[in-house]
Each structure stands twice: as structure tokens, then as C-alpha cells.
Amino acid sequence: MPEIVSFDVAVIGAGHAGIEAAVASAKRGCKTALFTISLDQIGNMPCNPSIGGSAKGHLVREIDALGGVMGEAGDACCIQMRMLNLSKGVSVHSPRAQEDRRAYHTYMKKICENTKNLYIIQTEIADIQLNENMEVTGVTNRFGAVYPCKAAVICSGTFLNGMVYIGKTGLESGPDACLPARKLSESLQKNGISLRRFKTGTPCRVHRRSIDYSALQAQTGDADPLPFSFFPKTEALRNDAVCYIANTNEQTHRIIRENIGESPLYSGVIHGIGPRYCPSIEDKVIRFASREKHQIFVEPTGLNTDEMYLQGFSTSLPEYVQIQMMRSVRGFEKIEIMRSAYAIEYDCINPKCLLHTLAFRGYHGLYAAGQFNGTSGYEEAAAQGLIAGINASAYILNQEELSLTRQSSYIGTLIDDLVTKGTEDPYRMMTARSEYRLSLRHSNADARLTPIGRKYGLIPDERWQKFNEKMQRISDAVAQIKAAAVRPEQVNAYLEAVGTSPITNTAHLENLIRRPQVKFEEIRQVIPITFALQGEETAEVSHRIKYEQYIERQTQQNERLAHLEKIRLHEGIRYAEIHGLSSEAIEKLTKQQPENLAAAAKISGVSPADISILRTWLKAGGDHHAV
């Protein structure tokens, strides 16, 4: 078959992972092809039309800080924005936006169309071609057309051998009644890549007019919403939509229990493993039998449609059961289904076969991102796609590839969890997964990651200048606070008003700001010091002062871990020949082949004593590849 046109990088799939991978690769100067089964699926939101949320909002801000596009699109298509977890500590505050689903697709498609070096092609990729050295040489579509390329990123989402289930009836399909990718799995397995089956689901969509909102609890957006992007292109976020909360009840649960045999999850029809942290409603009712109710979030899918999304109510039960259980909920008595709920089963990999760069071990130029790697969620997918796109282009350009650490970011935590620990069910990012979350606030993602984005060519000059000016303003304000002293007559009225002890002598301002009751944005109004701060910079200055001592301790831990990360371990080490290692350590190190001592130390069963033995062995010259 004659070749059509050659590329540097081929990205397979145009969901949230594929978009970030393709745009990053193209921006870095590589001729990039973005292949999709349907142009109408670019940036599609087949599940909840929202971006961000607990921990996921951190990921979106990190993507933006690195130069990705999800935050920009999320701001442009936002219809409601809220900051979650404000009653808890600052490290878990997370922005979340309800999005206009169609507007988001259109916006992302336009970004791809307008990106230099990026070519969008509607076709199904059926084969990845590798030479005898396991180097990518091209991709082939379903009709046999060959597209030569030097690197490929697999971002197949839930399309790969997709099977949709409503009740016990299965249908070959991708999400939203789209065609599945039927051929690529066979090619991957032929080339030695093992696959497994995961499953996810989505609730039905219902008509706005069929809901009694007087029976529901309203949720409005924030009065002064914070955008995802640190330097937003959108002047002001739209905050027009109202969301609502409903609750299941005992009647709902009884209907589910009586019909549980009709669920493909419980009748053995579906073999794929579903998400632990976003289960179907039947899973919730069976697993949490003592719960009297479960929340349902009623959310619009856009401003120009009457479709409403019922978050927390996903199911694969038959349609006649779906209507029964929904009409048992107060406020849903006359509900009208527009799109039935369904479960979807698909092929994916065990991510332990990947390096921290998201490259396949033992292959050259082959990368993977998103749900294909065993994750769930748009944000997790986009984060991986961005890293995979940066590294696929780095491979082409013969540059150092990017590997983010756990202490640098939630993106680094996500990838480290996947490639080191693997996942037995669709992985979801949570703040509890990071041991460094006090340092990894959504508000300082730019300080942590924008220099890296600049290094890899994704931060343009104008934004880089604005970033440096912002960092200088924050640094200057912190220095002002550390040098400032205040007198009792200046601050005591405020201190007493907020319920903390007045001072009797001149005090350091930074010590007062560290008091839990004191808010920097308030105390700055009563002291004779002017700060040149803009927008959210005030809050970031406050965080740096309040948590400085805790962050310093965490930084010292980070430095110790960073040292271990620099000590590399090459593949093929004969751990059984290293005297003193425990038998469990030998078995697990041999199987997992960690890339460095830090990764080895995280493996369950590898003790500190084993790490000490490895360090001694390396110092003695046991591994000539170590640095």
C-alpha cells in the first residue's frame, strides 16, 4: 500500500489526552498527526460535562502552568465555577467548573485546527508498525493506508474494543453511540503488549422540564470565581448555571435490589473492572447497604440545551428499571429520559509496562496516555497526554525527556503511582494520594511548573514575562512581611475582633499572620504597609507565610528523595546476584525493574535495609550505568 504523508509524531485518539499530546508535540516543532474516529468527538465529554473538582482541579492548574490547553478551554466554556473544600485546609481547596459540553468540543477543535504543525485526520488507526529494533516506523488505518512516523502516542480512551451495555444486552460501540476501535488491540497484542478490560459508566440524560426543582437543593457558583488559567484569555468567567442536589431513598434502593440480577455487572456479562471511587448506583446500594440515601447532582450539559446530567446515578440496569428507580426520587416523579444510562467496557494496559516518561519499556518512540493507561477522568487523561506529547517530541528532537517527581506535582504523583504501583481498577486522583500536598497547592502550580513548561517550549515570551513579574511581586511582599513590625495600637482592635490575643509590645507581622484566626487580606487593611499584589497573589503570599515552617520540613524531605531519584538503575540488573537483598526484594525488583532508587524504595516489600544494600553495591561499581 503506498504511503500517504509522513509525520514526526502520530497521536491516536482526540479525547482529552490526545488533544494535549498533539498540541504539545506540534507547539514544540514536530509535524504531528491527530487521528480520531470522528472529528465530532474531539474534546468530547461523554460523561459529566465538568472540569476540575477535588484534586482534579490541581491537575488542571498544573496542566495550565506547564503550557497545556485544558485550563484555557475550561475557562472559556465555563457555565458555573466553584471552589470546593473551603471548610478544610488550603491544600485540598480545588476549583471545579461545570462546562457547556458542545462549546467545549468546539473550542478544543478550534485549538487543534489553529495549531501550527498539527494535522487532524478522521480515520481509525488499526496498526502501529515497528521495525526489528522495536522502533516506531508508522501507523496504518483500517483501510490499509500507511502514515510513516517516528513516534506514536496511544490515547484510545474507552474506544478500544468498546462494548456498551444496557441491561444484559451488549453492543460494540464507543461512547455516545460512536464507532469503536476494533483493530488496534490485535496489533498491540501481536507486538507484545498485554491488554486487560476495564469498565466505566455514565448516567442517563434527562429533560430539564421534567424535574421538580422545588424538591431539590440548589447549588450556585462562587460570587468571585477563580479561573483555571493563571493568565486567562477569557476576561470574566460565565457563572450563569444553577446545579441541584437530589437524594435516593429506600424505595430507590429496593427497586435496585429487586432487579440486581438484570445488571450486567452482577450477572457476569461484564468482566471488566469498574472504578472504585465512582461506582454505579447499584454498586453503591449493594456495597454500602446501611446507607439510607445517596446524593445525585443534577447538572446542565450546556446553556443552549435542556439536557440535564445526573452525576452519581450511573447504571447499566435495563431502561425500564432506570425509569422506575429515577421516578422513586423526590423531584424526579415525572422524569423524562433523553439518553439512557450505560456501562462501557474497553481494553487498556497495566501501566507498570511504562516508564515515568510514559514510554513503553523495551520500545522506542511508543507512548501511552489516558484511560488506555488505566485511569479515569478527563483531568488525569489530559495530564498524561501533556507529558506523553512533550516526551514524544523530545524523542524526535533528541532532547532530554521530562519525568516529573511526586514532590513536584500531582501529575508526577499520578504517573509515579501508575508506573510503580500499577492499578487494579480505574485510577482516580485524590489529594490523599500525595504525601506532599501542603506544597502542591493549586495556587502555586505556576511557581512549581511554569519554568519547566518554559524549558520545553510551551510558555511563550509574553506569558513568561508576566509570570516572572508575578513571582517578583509575591517575593517582594513576603520580604516586606518578614521585615515588618507592628505596634499594639495598630492591630489590637483587629486581633480582638477575630478572637485572638492582643499584643502588648511590638511584634513581627509574620508571626501574627501565622495565627489561625488572622487573615492576611484583612490585617493588611489595618497596617500602614502597601503591597503591590494582584488577584490571587494575596492568598498565595498568605499561604507562604502561614505554612512556611511546615513547607521547609517537607522541602528537606523532598531533597533527600530527590537524591535517591538521581541514582539510576538500568534494566536487566541481576538482583539475585546482589548479596544481602531479601528474597522478596529480589523478586519484586526483578519483576518491576525500577528506574532509580527512589522508585525502588516505594515498592512494597523492598525495605530500607534493601535500599542501603543497593546503594552500597552501586558505590562499589556494581551498576556502571548508575550516576
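This is a predicted model, so every value here is computed, not measured.

Draft legend 1. Focus on the overall build of the protein. The helix and strand tally for the protein stands at 20 helices and 23 strands. Here the protein has a C-alpha radius of gyration of 26 Å; the compact-globule value for 627 residues is 25 Å, and the two agree. Per-residue burial over the protein gives 59% buried out of 627 residues. Split by element, the accessible area of the protein, about 26,000 Å² in all, is 49% carbon and sulfur. Charged side chains in the protein number 71 positive and 70 negative. The centres of these two groups are separated by 2 Å.

Draft legend 2. Structural view of the pairing of strand β18 (residues 307–311). Within β18, 4 of the 5 residues are buried, leaving the element largely enclosed by the surrounding structure. Where strand β14 (residues 205–207) meets β18, 3 bridges bridge the pair, whose relative direction is antiparallel. Residue pairing across strands places V206 opposite M308, the latter belonging to β18. A loop of 6 residues connects strand β17 (residues 295–300) with β18, the two strands running antiparallel in sequence.

Draft legend 3. How the structure looks around the packing of aromatic side chains. The final tally for this structure, using the stated rule, is 6 aromatic pairs. For the pair Y213 and Y244, a centre-to-centre distance of 4.6 Å together with 45° between the ring planes defines the contact as tilted. Here Y213 is found in the loop between β14 and β15 (217–219), whereas its partner Y244 is found in strand β16 (residues 243–247), with 31 residues between them in sequence. Using a relative accessible area of 17% as the deciding quantity, one classes Y244 as buried. For the ring pair F520 and F531, a centre distance of 5.2 Å and an interplane angle of 80° mean the geometry is edge-to-face. Here F520, found in helix α15 (residues 520–523), pairs with F531, found in the loop between α15 and α16 (537–546); they are 11 residues apart in sequence, far enough to count as distant. You'll find F520 and F531 in the same group, each marked buried. Seen from the ring of F7, K31 lies directly overhead, with NZ or CZ sitting 5.4 Å from the centre. Against the face of Y119 rests K31, its NZ or CZ located 5.6 Å from the ring centre.

Draft legend 4. Main features of the sheet that holds strand β11 (residues 163–166). Spatially, β12-β11-β20-β13 is the arrangement adopted by the 4 strands of the open sheet, whose pairing is antiparallel. Unpaired on one side and paired on the other, β12 (169–172) and β13 (196–202) mark the two borders of the sheet. Strand-to-strand twist of the sheet, defined as the mean angle between neighbouring strand axes without regard to direction, takes the value 25°. Looking at chain direction, β13 and strand β20 (residues 342–348) are connected through 7 bridges and run antiparallel. Counterpart to R197 in the pairing with β20 is D347.

Draft legend 5. Focus on the packing of helix α2 (residues 56–66) against helix α9 (residues 378–397). The N-to-C vectors of α2 and α9 enclose an angle of 25°; their axes lie 9 Å apart at closest approach. As the angle between them shows, α2 and α9 are arranged roughly parallel. Pair α2 / α9 crosses with left-handed handedness. In this structure, α2 uses K56, L59, V60, I63 and L66 to contact α9, whose residues at the interface are E379, E380, A382, A383, L386 and I387. Class assignment of the residues belonging to the contact of α2 with α9 gives a composition of 8 nonpolar, no polar and 3 charged.

Draft legend 6. Up close: the nonpolar core. Counting residues in each nonpolar core, the largest one holds 119 residues, and the members touching the most others are I128, V139 and F360. Ranked by residue count, the leading element in this core is α9, at 10 residues.

Draft legend 7. View of the sheet that holds strand β7 (residues 125–130). The 3 strands are arranged β7-β8-β9 in an open sheet whose pairing can be described as antiparallel. Edge positions in the open sheet fall to β7 and β9 (146–148), since each of these has one partner strand only. Strand-to-strand twist of the sheet, defined as the mean angle between neighbouring strand axes without regard to direction, takes the value 25°.

Draft legend 8. Looking closely at the environment of A236. One can find A236 in the loop between β15 and β16. Expressed as a C-alpha distance, the spacing of A236 and K199, which sit 37 residues apart in the sequence, is 38 Å.

Draft legend 9. Focus on the environment of A383. The residue A383 is located in helix α9 in this model. Assessed through its relative accessible area of 0%, A383 is described here as buried. Sequence separation between A383 and P148 is 235 residues, and the spatial gap between their C-alpha atoms is 27 Å. Ignoring any residue separated from it by four or fewer positions in sequence, one finds A383 in contact with L59, I63, I411 and L414.

Draft legend 10. Region of the structure containing helix α8 (residues 319–327). Among the residues making up α8, those that are buried are V321, Q322, M325 and M326. The arc that holds the buried residues of α8, viewed along the axis, is 125°, so those residues lie on one side. Its buried side turned inward, α8 meets β11, β14, α6 (250–258), α7 (281–287), β18 and β19 (337–339).

Draft legend 11. Representation of the side chain of D127. Considering the arrangement of structural elements, one finds D127 in strand β7. Side chain to side chain, D127 and S187 meet in a polar contact 2.5 Å long. Setting aside residues up to four positions removed in sequence, D127 forms contacts with G138, V139, T140, L184, S187, K190 and N191.

Draft legend 12. Summary view of unusual backbone geometry. You will see that A55, though not glycine, has its phi angle at about 70°, which is positive. Considering the arrangement of structural elements, one finds A55 in the loop between β3 (50–52) and α2. Using a relative accessible area of 0% as the deciding quantity, one classes A55 as buried.

The rules behind each value
- Residues numbered from 1 in each chain as written.
- Predicted model: local features only at pLDDT ≥ 70, side-chain atom pairs only at ≥ 80, totals over all residues.
- Heavy atoms only, no water.
- Helix = DSSP H or I, 4+ residues; strand = E, 2+ residues; numbered from the N terminus.
- Rg over C-alpha atoms; globule rule 2.2 N^0.38 Å.
- Buried < 20%, exposed > 50% of the residue type's maximum accessible area, 1.4 Å probe, protein only.
- Areas by Shrake-Rupley, 256 points an atom, 1.4 Å probe, with all protein chains shown as cover.
- Lys, Arg positive; Asp, Glu negative; His and termini not counted.
- Charge placed at Lys NZ, Arg CZ, Asp CG, Glu CD.
- Pairing = 2+ DSSP bridges.
- Phe/Tyr/Trp six-rings, centres within 6.5 Å; stacked < 30°, edge-to-face > 60°.
- Lys NZ or Arg CZ within 6 Å of the ring centre and 35° of its normal.
- Axes fitted to C-alpha atoms, helices over the stretch in contact; angles between N-to-C directions.
- Parallel < 35°, antiparallel > 145°, perpendicular 65-115°, else oblique.
- Left-handed = near helix turned anticlockwise from the far one by under 90°.
- Contact = heavy atoms within 4.5 Å.
- Nonpolar A, V, L, I, M, F, W, Y, C, P; charged D, E, K, R; others polar.
- Core = buried A, V, L, I, M, F, W, Y, C linked by side-chain atoms within 4.5 Å.
- Arc of directions from axis to C-beta.
- Polar contact = N/O pair within 3.5 Å; in protein donor to acceptor, adjacent residues only side chain to side chain.

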